[in-house]
Amino acid sequence: MDTKSLVKLAKSLSDPSRLRMLQEIARAQRLGCAHLFEVVPISQPAMSHHVKALVDAGLVDSCKEGRNMYLTINTEKLQELESFLQLLKMR
């Protein structure tokens, strides 16, 4: 994992709302943005901002179906992060 990607990933994980969103997406496996409002009560512009940060960091994949956007966890990115953390642990 390159430094730039790692910094973007760390920044995206530094917000409590984003962490809560990630937990809910992981729990549901596939979650519509509309359902996130029930769990993370923030404004629509704030939700869009947080979703964009998670997508840009590669933690979440988005899929638009009609007027709805669905989110899933990018397990490959999580595996990269896990591998990086394991390397730190070994040193």
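It should be emphasised that the depicted structure is a prediction, and the values quoted were computed from it without experimental measurement. (Residues numbered from 1 in each chain as written. Predicted model: local features only at pLDDT ≥ 70, side-chain atom pairs only at ≥ 80, totals over all residues. Heavy atoms only, no water.)

Chemist: How should the sheet that holds strand 3 (residues 68-73) be read in this particular structure?
Modeler: The strands that make up a sheet are held in pairs by hydrogen bonds between backbone atoms, and each pair lies either parallel or antiparallel. What the 3 strands build is an open sheet, ordered 1-3-2; its pairing is antiparallel. Each having just a single partner strand, strand 1 (31-32) and strand 2 (60-65) make up the two edges of the open sheet. Bridge count between strand 2 and strand 3: 6 bridges; the pairing is antiparallel. Across the sheet, Val-60 pairs through a bridge with Ile-73, a residue of strand 3. (Pairing = 2+ DSSP bridges. Helix = DSSP H or I, 4+ residues; strand = E, 2+ residues; numbered from the N terminus.)

Chemist: Help me out: how do you make sense of the packing of helix 2 (residues 16-28) against helix 4 (residues 44-57) in this one?
Modeler: Axis angle and axis distance: for two packed helices, these are the angle between their axes and the distance between the axes, and together they describe the pair. For the pair helix 2 and helix 4, the least separation of the axes is 10 Å and the interaxial angle reads 70°. When the interaxial angle is binned, helix 2 and helix 4 end up roughly perpendicular. Listed contacts from helix 4 to Ser-17, Arg-18, Met-21 and Leu-22 of helix 2 are Met-47, His-49, His-50, Val-51, Ala-53 and Leu-54. Residues belonging to the contact of helix 2 with helix 4 are distributed by class as follows: 6 nonpolar, 3 polar and 1 charged. (Axes fitted to C-alpha atoms, helices over the stretch in contact; angles between N-to-C directions. Parallel < 35°, antiparallel > 145°, perpendicular 65-115°, else oblique. Contact = heavy atoms within 4.5 Å. Nonpolar A, V, L, I, M, F, W, Y, C, P; charged D, E, K, R; others polar.)

Chemist: Can you help me understand unusual backbone geometry in this one?
Modeler: As a rule of thumb, non-glycine residues mostly have phi less than zero, and peptide bonds are mostly trans rather than cis. Of note, the phi angle at Gln-29 is positive, near 75°, even though the residue is not glycine. Among the structural elements, Gln-29 can be located in the loop between helix 2 and strand 1. Owing to a relative accessible area of 61%, Gln-29 belongs among the exposed residues under this scheme. (Buried < 20%, exposed > 50% of the residue type's maximum accessible area, 1.4 Å probe, protein only.)

Chemist: Which parts of the structure should I look at to understand the packing of aromatic side chains?
Modeler: Tallied over the full model, the rule gives 0 aromatic pairs. If you follow Arg-30 out to its NZ or CZ, it ends over the ring of Tyr-70, 4.1 Å from the centre. (Phe/Tyr/Trp six-rings, centres within 6.5 Å; stacked < 30°, edge-to-face > 60°. Lys NZ or Arg CZ within 6 Å of the ring centre and 35° of its normal.)

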